[in-house]
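Summary of structural features
One letter stands for each residue in the lines below.
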Amino acid sequence: MSKQLRAASLIAVTATMIATLISTSGSGAIAQAMQPQAVVQQVVAQTVQQDVVEVPLAPAQPSTQTEPLPTGQDAPEAPISDPSVSDAAPPAPTGQPSFETPSASSLVALVNKQSQGDLSRELACLAGAIYFEAKGTSLAGQLAVGRVIVARSSSGRFPASYCGVVFQPSQFSFVRGRAMPAINQSSRSWREAVAIARIADSGSWRSPVEGALFFHASHVSPNWRLKRVARVDNHIFYR
């Protein structure tokens, strides 16, 4: 039944009851306290109120919009690339020659440009070998010895460090019990050996024995079946 029909029926029933009461009672108290029009209005109001149906609100739908990160929260970090990978060209490895751009007009001038600061253990091993094997020879002779040690360390046939090459058993006669004799580090020979070691390590001056892995004093004949490269001062070099 519709709300309008229900309201009309209740009004009619109420009106009938009021008329019956008025006609059957001699008192006017009910009529004064409950006038027909007021009763009708109250009944209608109650009827309408009872017929009001509350419709629950639909739950809010979650937003599909990406919300900004809360204040103080860091954004996800980007994958960290591998640090060994670089777009820049890698520097030339230690000991690789750069003969195309010599930084001095002569080997003497290049030696004079070298610093005499602290040496790493590797450069100390290289300078020590130059000192004991070629002390008193020309700068070219000292560089030739140094370049052999550098070439050995990168050849894959010998230890991969200068100290490893120098202290390899049965290779250099000045080594005793995996140690070098004492060196007079205030001498000119040691200063030259240090400078030549730096040059040999950086490959900043070409030696006539490039690629040689062996040498011996010129006064001995070991009959090696190797390719002779050059003689510099009193050493003969082979590869």
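The text that follows walks through the structure, step by step, so that each part is easy to find. As the structure is a computational prediction, the values presented were derived from the model and not from experiment.

**What to know about the pairing of strand β2 (residues 228-232)**
- Of the strand pairs in this sheet, β2 and strand β3 (residues 235-238) are connected by four bridges, and their pairing is antiparallel. Bridge pairing in β3 links alanine 230 to phenylalanine 237.
- Between the end of β2 and the start of β3, which pair antiparallel, lie two residues, with aspartate 233 showing a positive phi angle near 55 degrees.

**Side note on the pattern of salt bridges**
- One pass over the structure, following the stated rule, counts two salt bridges.
- Between arginine 147 and glutamate 210 there is a salt bridge, and its shortest N-O distance comes to 3.0 Å. Of this pair, arginine 147 sits in helix α6 (residues 139-153) while glutamate 210 sits in the loop between α8 (188-202) and β1 (214-217), and the two are 63 residues apart along the sequence. An identical accessibility class is assigned to arginine 147 and glutamate 210; each is buried.
- As a salt-bridge pair, glutamate 192 and arginine 188 come within 3.2 Å of each other at their nearest N and O atoms. Remark: arginine 188 and glutamate 192 occur in helix α8; sequence separation between them is four residues, near one turn of the helix.

**Observations concerning the pairing of β3**
- Across the two faces of β3 the burial is the same, with His235 and Phe237 and Ile236 and Tyr238 all buried.
- Here four bridges tie β1 to β3, and the two strands are oriented antiparallel to one another. Across the sheet, residue alanine 217 finds its bridge partner in β3, namely histidine 235.

**Points about the sheet that holds β2**
- The antiparallel open sheet is built from three strands, whose spatial order is β1-β3-β2. Since the sheet does not close on itself, it has two edges, and those belong to β1 and β2, each with one partner. Along the sheet, successive strands turn relative to each other by an average axial angle of 20 degrees, direction set aside.

**Focus: the packing of α6 against α8**
- At a minimum axis distance of 9 Å, the contact between α6 and α8 shows a crossing angle of 50 degrees. Considering the angle they form, α6 stands oblique to α8. Along this stretch, α6 crosses α8, giving a crossing that reads as right-handed. Where α6 approaches α8, its residues Leu139, Gln142, Leu143, Gly146, Arg147 and Val150 are matched on the opposing element by Glu192, Ala193, Ile196, Ile199, Ala200 and Asp201.
- Considering only residue class, the contact of α6 with α8 consists of seven nonpolar, two polar and three charged.

**Structural notes on the packing of helix α5 (residues 121-134) against α8**
- It is at 8 Å that the axes of α5 and α8 come closest, and there the two elements cross at 120 degrees. Compared by their axis directions, α5 and α8 come out oblique. Between α5 and α8 lies a crossing of right-handed hand. Contact residues: α5 offers Leu123, Ala124, Leu126, Ala127, Gly128, Ile130 and Tyr131, while α8 offers Ser189, Trp190, Ala193, Val194, Ile196, Ala197, Arg198, Ala200 and Asp201.
- A per-class count over the contact of α5 with α8 returns twelve nonpolar, two polar and two charged.

**Structural notes on the nonpolar core**
- Counting residues in hydrophobic clusters, the biggest one holds 47 residues, and the most contacted among them are Leu126, Ile149, Ile196 and Phe237.
- Elements supplying a minimum of two residues to this core: α4 (107-113), α5, α6, α7 (162-166), α8, β1, β2 and β3.
- Contacts of isoleucine 149, omitting those with residues within four sequence positions, involve Leu126, Ala129, Tyr162, Val165, Val166 and Phe172.

**Some points on the packing of aromatic side chains**
- Counted by the stated rule, this structure contains nine aromatic pairs.
- Ring centres of phenylalanine 158 and phenylalanine 214 lie 5.9 Å apart, and the angle between their planes is 65 degrees; on these two criteria the pair is classed as edge-to-face. Here the residue phenylalanine 158 occupies a position in the loop between α6 and α7, and phenylalanine 214 occupies one in strand β1, the gap between them amounting to 56 residues. Taken individually, phenylalanine 158 and phenylalanine 214 each receive the classification buried, so the pair is uniform in this respect.

**Description of the side chain of serine 204**
- Mapped onto the fold, serine 204 is located in the loop between α8 and β1.
- Overall, the relative accessible area of 12% leaves serine 204 in the buried class.
- At 3.0 Å, the side chain of serine 204 and the side chain of serine 202 are in polar contact.

Rules used throughout
- Residues numbered from 1 in each chain as written.
- Predicted model: local features only at pLDDT ≥ 70, side-chain atom pairs only at ≥ 80, totals over all residues.
- Heavy atoms only, no water.
- Pairing = 2+ DSSP bridges.
- Helix = DSSP H or I, 4+ residues; strand = E, 2+ residues; numbered from the N terminus.
- Salt bridge = Lys/Arg side-chain N within 4 Å of Asp/Glu carboxyl O.
- Buried < 20%, exposed > 50% of the residue type's maximum accessible area, 1.4 Å probe, protein only.
- Axes fitted to C-alpha atoms, helices over the stretch in contact; angles between N-to-C directions.
- Parallel < 35°, antiparallel > 145°, perpendicular 65-115°, else oblique.
- Left-handed = near helix turned anticlockwise from the far one by under 90°.
- Contact = heavy atoms within 4.5 Å.
- Nonpolar A, V, L, I, M, F, W, Y, C, P; charged D, E, K, R; others polar.
- Core = buried A, V, L, I, M, F, W, Y, C linked by side-chain atoms within 4.5 Å.
- Phe/Tyr/Trp six-rings, centres within 6.5 Å; stacked < 30°, edge-to-face > 60°.
- Polar contact = N/O pair within 3.5 Å; in protein donor to acceptor, adjacent residues only side chain to side chain.

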